[in-house]
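Letter by letter, the chains look like this.
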Amino acid sequence: MPVKLDTSYLNKFIKQHEYSQIQPLVKMAHDILQYKSENDRTAFTGWVDLPHNQDKKELEKIKSAAQKIQENSQVLIVIGIGGSYLGARAIIEFLKSNNYNLLPKDTPDIFFVGNNLSASYMQEILKICENKNVSINVISKSGTTAEPAVAFRIFREFLENKYGKANARDRIYCTTNIRSGELKELADKNGYETFIIPDNISGRFSAFTPAGLLPIAVAGVDIDRLLYGAKSAQDALMHEDINKNDCYKYAAIRRLLYNKGKEIEILETYEPRMHMFSEWFKQLFGESEAKDGKGIFPTSLDFTTDLHSMGQLLQSGKKNLFETVLLVKDPGNDIRIPYFPEDTDKLNYLHDKTVSFVNSQAALGTILAHTDGDIPNIILEISHFAAEEIGYLIYFFEKACAISCYMLGVNPFDQPGVEFYKKNMLNLLGKPK
Ligand code: PA5
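Residues numbered from 1 in each chain as written. Predicted model: local features only at pLDDT ≥ 70, side-chain atom pairs only at ≥ 80, totals over all residues. Heavy atoms only, no water.

## Quick notes on the pattern of salt bridges
Counting across every chain of the model gives 19 salt bridges. Here Glu60 makes a salt bridge to Lys63, at a shortest N to O gap of 3.8 Å. In this pair, Glu60 and Lys63 are both assigned in helix H3 (residues 56-72), 3 residues apart and thus about one turn of the helix distant. Overall, Glu60 belongs to the partly exposed group, its relative accessible area being 48%. Judged by relative accessible area, which is 26%, Lys63 ranks as partly exposed. Between Arg89 and Glu93 there is a salt bridge whose closest N-O contact spans 3.1 Å. Taken together, the residues Arg89 and Glu93, both in helix H4 (residues 86-95) and 4 residues apart, mark about one turn of the helix. (Salt bridge = Lys/Arg side-chain N within 4 Å of Asp/Glu carboxyl O. Helix = DSSP H or I, 4+ residues; strand = E, 2+ residues; numbered from the N terminus. Buried < 20%, exposed > 50% of the residue type's maximum accessible area, 1.4 Å probe, protein only.)

The following block contains the structure:
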């Protein structure tokens, strides 16, 4: 079981009978996801069967495009925002490192742009690209989002100035929907190689579509192993009984805690390479669940770093939150703490212990302290940093998120609230109607 749920620190917050009481609500949510939404075109549940339902031809196309980019480019620029970049970045950093670009490797550097409107951020990346061979993967399901559209203009101009329009064309890959939007038009008009995000999968559930898979494959990740993990999750997380399905039990616990006034969920990790995974998690739950004045506020902390900035607030602040601690049993690449005869820093008691052991004790100490401080702690554990593990984990959270939303009575797959800032911004910029 690649994701292990440990509820032993929840005993003082949730009583056994509460799990049985919430089971009918979980079953109702399960039935909506598995059966009712199948015939509902607005349901966007294509991701549920996606691991087993991959388009084989599209997968082969992704692999050969990735190989071509690896052969002819030192840099891949991935342009996209929200669900059109977070899954790819989370998986690449989880498997390769948050220092992926700095480490020696035989795959291209990957820079993510179009996820902000900062000129200096774009300038820096243009500068990095100056004497390098570059390809672009622009990702936008709607093909109309302002941030990636602005970045694409700027980086397309850079590429066309560098290689000429015709040669630049061979270095531009578009990932969008099958039928409409400015990006689709641009791709068709200029003959860019195009990958399709299926209509029935919304952005934040699209990590296993070409939106995630192409950049991930360019980074040298074995996407078959990634999808194998997702397939295992699809098979394993079907049972409607929370005692036989940890994904549903996690969703049930979130709901029980929410009912007790715990309105903030903090995802906590102890490895810097998981930082972007937490960003992906926040978008998944934030955009899916927070609607109609309801929903848990998802946030994240990177430990032990943030224990030295937010530890006080957690231990002694308002008790309106709970923690979901995502641990990795064997993080690999361990380092032993050396012995110094003089022991001036008084650390010889740790001599020969590993850094990961110290990290694991910091995690346990924190879980115990916060549980004593009346913060419910949900523990999730995976075994190591492998493609199968992250494939499973992504699917686990996607399904837990959908179930949480249906239990709350909100549609997991729309994001009407996001439109308000966009409308104001485009009006202020004078976009023609
Ligand atoms: O989850 C979502 O649907 C959104 O976060 C989108 O991914 C994001 O707004 C980007 O949209 P698009 O891919 O259409 O540019």
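Moving on from the model shown.
## Focus on the sheet that holds strand S3 (residues 109-113)
Here we have 5 strands laid out as an open sheet, ordered S3-S2-S4-S5-S6, and parallel in their pairing. Only two strands of the sheet have a single neighbouring strand rather than two, namely S3 and strand S6 (193-196). On average, adjacent strands in this sheet sit at an angle of 20° to one another, irrespective of strand direction. As paired elements, strand S5 (residues 172-176) and S6 share 4 bridges and run parallel to each other. Pairing of Thr176 across the sheet is with Ile196, part of S6. The strands that helix H5 (residues 119-129) touches are strand S2 (75-79), S3 and strand S4 (134-139); relative to S3, the one it contacts most, it runs at about 155°. Contacting S2, S3, S4, S5 and S6, helix H9 (residues 210-218) runs over the sheet at an angle of about 160° to S4. (Pairing = 2+ DSSP bridges. Axes fitted to C-alpha atoms, helices over the stretch in contact; angles between N-to-C directions. Contact = heavy atoms within 4.5 Å.)

## Examining the site of the ligand
As a structural note, the neighbourhood of the ligand is formed by 13 residues, with Ser84, Ser140, Ser142, Thr145 and Gln283 the closest of them. In this structure, Gly203 approaches the ligand through a main-chain N or O atom, which is 3.3 Å from an oxygen atom. Contact with the protein chains covers 90% of the free accessible surface of the ligand, which is 390 Å². (Near = heavy atom within 4 Å. Polar contact = N/O pair within 3.5 Å; in protein donor to acceptor, adjacent residues only side chain to side chain. Areas by Shrake-Rupley, 256 points an atom, 1.4 Å probe, with all protein chains shown as cover.)

## Details of the pairing of strand S10 (residues 377-382)
The buried count for S10 comes to 5 of 6 residues, which makes it a mostly enclosed element. Summarising the sheet, strand S1 (residues 4-6) and S10 pair through 3 bridges and their orientation is antiparallel. Within the sheet, the bridge partner assigned to Lys4 lies in S10 and is Glu381. As judged from the 6 bridges shared by strand S9 (residues 321-328) and S10, these two strands associate in the parallel manner. Among the inter-strand pairings, Leu326 is bridged to a residue of S10, identified as Leu380. You can see the chain leave S9, run along helix H14 (residues 355-372) and come back into S10, and the turn it takes is right-handed. (Right-handed = clockwise from strand over helix to strand, strands pointing away.)

## Section: the packing of helix H13 (residues 307-316) against H14
Where H13 meets H14, the closest approach of the two axes is 10 Å, and the angle between their N-to-C directions is 30°. One element, H13, and the other, H14, form an angle in the roughly parallel class. From H13, Leu307, Leu314 and Gln315 reach across to H14, where they touch Thr366, Ala369 and His370. Tallied by class, the residues present in the contact of H13 with H14 amount to 3 nonpolar, 3 polar and no charged. (Parallel < 35°, antiparallel > 145°, perpendicular 65-115°, else oblique. Nonpolar A, V, L, I, M, F, W, Y, C, P; charged D, E, K, R; others polar.)

## Observations concerning the nonpolar core
Membership of the largest hydrophobic core comes to 97 residues, with the highest contact counts inside it found for Trp47, Ile110, Phe277, Trp280, Phe396 and Phe397. Sorting elements by how many residues they give to this core places helix H15 (residues 387-408) first, with 16 residues. Residue contacts for Phe277: discarding those within four places in its chain leaves Ala90, Leu267, Leu326, Ile390, Leu393, Ile394 and Phe397. (Core = buried A, V, L, I, M, F, W, Y, C linked by side-chain atoms within 4.5 Å.)

## Brief notes about the side chain of Lys399
Structurally, the position occupied by Lys399 is in helix H15. At 7.8 Å, Asp49 is the nearest oppositely charged side chain to Lys399, a buried residue that forms no salt bridge. Polar contacts involving the side chain of Lys399 include one to the main-chain carbonyl oxygen of Leu237, which spans 2.7 Å. In this structure, Lys399 is in contact with Leu33, Gln34, Trp47, Leu237, Met238, Cys247 and Tyr248, ignoring residues within four places of it in sequence. (Lys, Arg positive; Asp, Glu negative; His and termini not counted.)

## Some remarks on helix H6 (residues 146-163)
With 18 residues, H6 extends 26 Å between its outermost C-alpha atoms, agreeing within 8% with the 26 Å of an ideal straight helix rising 1.5 Å per residue. Turning to H6, its buried residues number three or more, namely Glu147, Pro148, Ala151, Phe152, Phe155, Arg156, Phe158, Leu159 and Tyr163. For H6, the angular spread of buried residues about the axis comes to 160°, placing them on one side. Away from its buried face by more than 90 degrees, H6 exposes Arg153 and Asn161. (Expected span 1.5 Å × (residues − 1). Arc of directions from axis to C-beta.)

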